[in-house]
Amino acid sequence: MKVLVIGGGGREHALVWALRRSARVRTLRCAPGNAGTAALAETVPIPADDVAGLAEHAATERYDLVVVGPEAPLVAGLADRLLELDIPVFGPSAAASRMEGSKVFSKEFMERHAIPTASFKVFRDESEAREYLMAEGTAYPLVVKADGLAAGKGVILADTPEVAAEAACGMLTGRNFGEAGRAVVVEEMLQGTEASFFVLADGNHVVELATCQDYKRALDGDQGPNTGGMGTYSPSAYLDDATRRIVMDAIVSPTIAGLKSEGCPYRGVLFIGVMLTDEGPKVLEYNCRFGDPETQVLLPRLDGDWFDLLLASATGTLDQVRPAWLDRTAVCVVMAAGGYPGSYGKGAAISGLDRADGRDGIVVFHAGTTRDDDGAVRTSGGRVLGVTALGDDLTCARRKAYEAVAEITWEGEQHRTDIGADAAATLEAIRE
Ligand code: AMP
Ligand code: GLY
């Protein structure tokens, strides 16, 4: 089989790594990839957001499967283009990708289908938003969200009317997020523990994948600014069997059935950010792609053929496959460039990769990296590496991950030292 993976981050390195292990995959390519994918797959130098260029390339190469990593090309209609060309694609249509691409669409969808989520209002007019946000009766804290894709920056947690009004007006005037901010969702702030839930769908059938916890803040103790994710572990210590059943029944099933009934059946991965509240699990957001760095802990736990699962999702045969997972824990620690998620330098030489990557149970997934002609690997992004360890339990996986992290360095490197620490302490206490 001939497979193309689209994207160039840590998520895509993990996707390529898992596909390389499939006996059925002969030719594997990645566009545009990074220094990590280049060691496992041929590089196709087309950017992930060049929908026309990617469609043209796929039409010439006649892939057996195209796996789309990031959300932007999906929202822009890449899956639709590939289907028109009769090329199997893993990833939803533009219409189904609105679950991530438009927060107004996804909130109104949840309302139509009685799916538990934070209560909300939609604004398109600046003065109406300001009036509501400054009104006596409006309860704080609340959350202000830009409707469209905003590279993870379009969500403002507001404690006061001033902060909320400033955020909403910055969006509605087009000042902060361009067209993505022309509509705004204002919603209730939910309290609880957040968890990452993944399912594969093929339009009709749905299968659950493993669960994860993501650490979104830049600094230890959940301090500092929000990031794309500074580390993960799987399985989640918070999504027990009973809670997972509730998520499947109250959230996943009505979502997949609702999209089908509205004429946009969902194919691909649906990644649901869930808040576990006192009233039960509620949807924080839907994503039409895998999480990053969630994928870097999901795939090392997979016990089976990744290609078979993705192809089944693309071709409507998910009822014939069942993913299985190793009964082990995976921890991923993200090593980032100093300054991330703000401005950061590029081009620093990374040392110690060979020492870390060769260890038992360790995989170093590349995100923002490039390789020089002389073989040196350099930083080229904010999140640079995701160091994943598999262990018999969370404590063991954490120890192995951090031992590997200690081998790797570059000028200005930063990482969190507490990925999984809260849950490891809780699990240890239960055991004692
Ligand atoms: P989103 O892109 O909608 O997932 O928002 C990004 C992050 O903001 C989420 O992962 C949560 O940590 C936080 N967040 C979003 N909506 C809410 C909410 N209604 N209540 C509390 N936190 C939220
Ligand atoms: N790690 C969160 C995300 O991929 O959206």
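Our structure is the block above this text.
Residues numbered from 1 in each chain as written. Chains lettered and ligands numbered in written order. Predicted model: local features only at pLDDT ≥ 70, side-chain atom pairs only at ≥ 80, totals over all residues. Heavy atoms only, no water.

### Overview of the packing of aromatic side chains
Now for step 1: Under the counting rule described, the total for this entry stands at nine aromatic pairs.
Now for step 2: Measuring from ring centre to ring centre gives 5.6 Å for Trp17 and Phe365, while their planes differ by 90°; the resulting arrangement is edge-to-face. Remark: Phe365 occurs in strand E19 (residues 362–366) and Trp17 occurs in helix H1 (residues 10–20); sequence separation between them is 348 residues.
Now for step 3: A ring pair is formed by Phe90 and Phe290, whose centres lie 5.9 Å apart and whose planes are at 15°; its orientation type is stacked. Remark: Phe290 occurs in the loop between strand E17 (280–287) and helix H10 (295–298) and Phe90 occurs in strand E5 (residues 89–90); sequence separation between them is 200 residues. A single burial state applies to Phe90 and to Phe290, both of which are buried.
Now for step 4: Feature note: the residues Phe90, Phe198, Phe271, Phe290 and Trp306 constitute an aromatic cluster, connected by ring pairs.
Now for step 5: Cation over ring: Lys2 sits above Tyr63, and NZ or CZ is 5.5 Å from the ring centre.
Now for step 6: Note that Arg98 overlies the ring of Phe105, its terminal NZ or CZ placed 4.0 Å from the centroid. (Phe/Tyr/Trp six-rings, centres within 6.5 Å; stacked < 30°, edge-to-face > 60°. Helix = DSSP H or I, 4+ residues; strand = E, 2+ residues; numbered from the N terminus. Buried < 20%, exposed > 50% of the residue type's maximum accessible area, 1.4 Å probe, protein only. Lys NZ or Arg CZ within 6 Å of the ring centre and 35° of its normal.)

### Overview of the site of ligand 1
Now for step 1: Looking at ligand 1, there are 14 residues lining it, with Lys145, Glu187, Leu190, Glu194 and Glu285 nearest.
Now for step 2: Interatomic distance of 3.3 Å between a side-chain N/O atom of Lys103 and an oxygen atom of ligand 1.
Now for step 3: A distance of 2.7 Å separates a nitrogen atom of ligand 1 from a polar atom in the side chain of Glu187.
Now for step 4: Elements represented by at least two residues in the shell around ligand 1 include exactly strand E7 (142–146), strand E9 (184–188) and E17.
Now for step 5: Class assignment for the residues of the shell around ligand 1 results in seven nonpolar, no polar and seven charged. (Near = heavy atom within 4 Å. Polar contact = N/O pair within 3.5 Å; in protein donor to acceptor, adjacent residues only side chain to side chain. Nonpolar A, V, L, I, M, F, W, Y, C, P; charged D, E, K, R; others polar.)

### Topic: the sheet that holds strand E1 (residues 2–7)
Now for step 1: Ordered in space as E3-E2-E1-E4-E5, the five strands form an open sheet in which the pairing is parallel. The two strands at the open ends of the sheet, each matched to only one other strand, are strand E3 (42–43) and E5.
Now for step 2: Taken together, the two bridges between strand E4 (residues 65–68) and E5 define a ladder with parallel strand orientation. Across the sheet, Val66 pairs through a bridge with Val89, a residue of E5.
Now for step 3: Together, E1, strand E2 (27–32) and E4 form the strand contacts of H1, whose direction differs from that of E1 by roughly 165°. (Pairing = 2+ DSSP bridges. Contact = heavy atoms within 4.5 Å. Axes fitted to C-alpha atoms, helices over the stretch in contact; angles between N-to-C directions.)

### Things to note about the site of ligand 2
Now for step 1: Close to ligand 2 lie Asp214, Lys216, Gly228, Phe271, Arg289, Gly291, Asp292, Pro293 and Glu294, which account for all nearby residues.
Now for step 2: A distance of 2.9 Å is found between an oxygen atom of ligand 2 and a side-chain nitrogen or oxygen belonging to Arg289.
Now for step 3: Contacts to ligand 2 include Asp292, whose backbone N or O atom sits 2.9 Å from a nitrogen atom.
Now for step 4: For ligand 2, whose free accessible area comes to 200 Å², the fraction covered by protein is 89%.
Now for step 5: Its residues assigned to classes, the shell around ligand 2 shows two nonpolar, two polar and five charged. (Areas by Shrake-Rupley, 256 points an atom, 1.4 Å probe, with all protein chains shown as cover.)

Keep in mind these numbers describe shape, not what the thing actually does.
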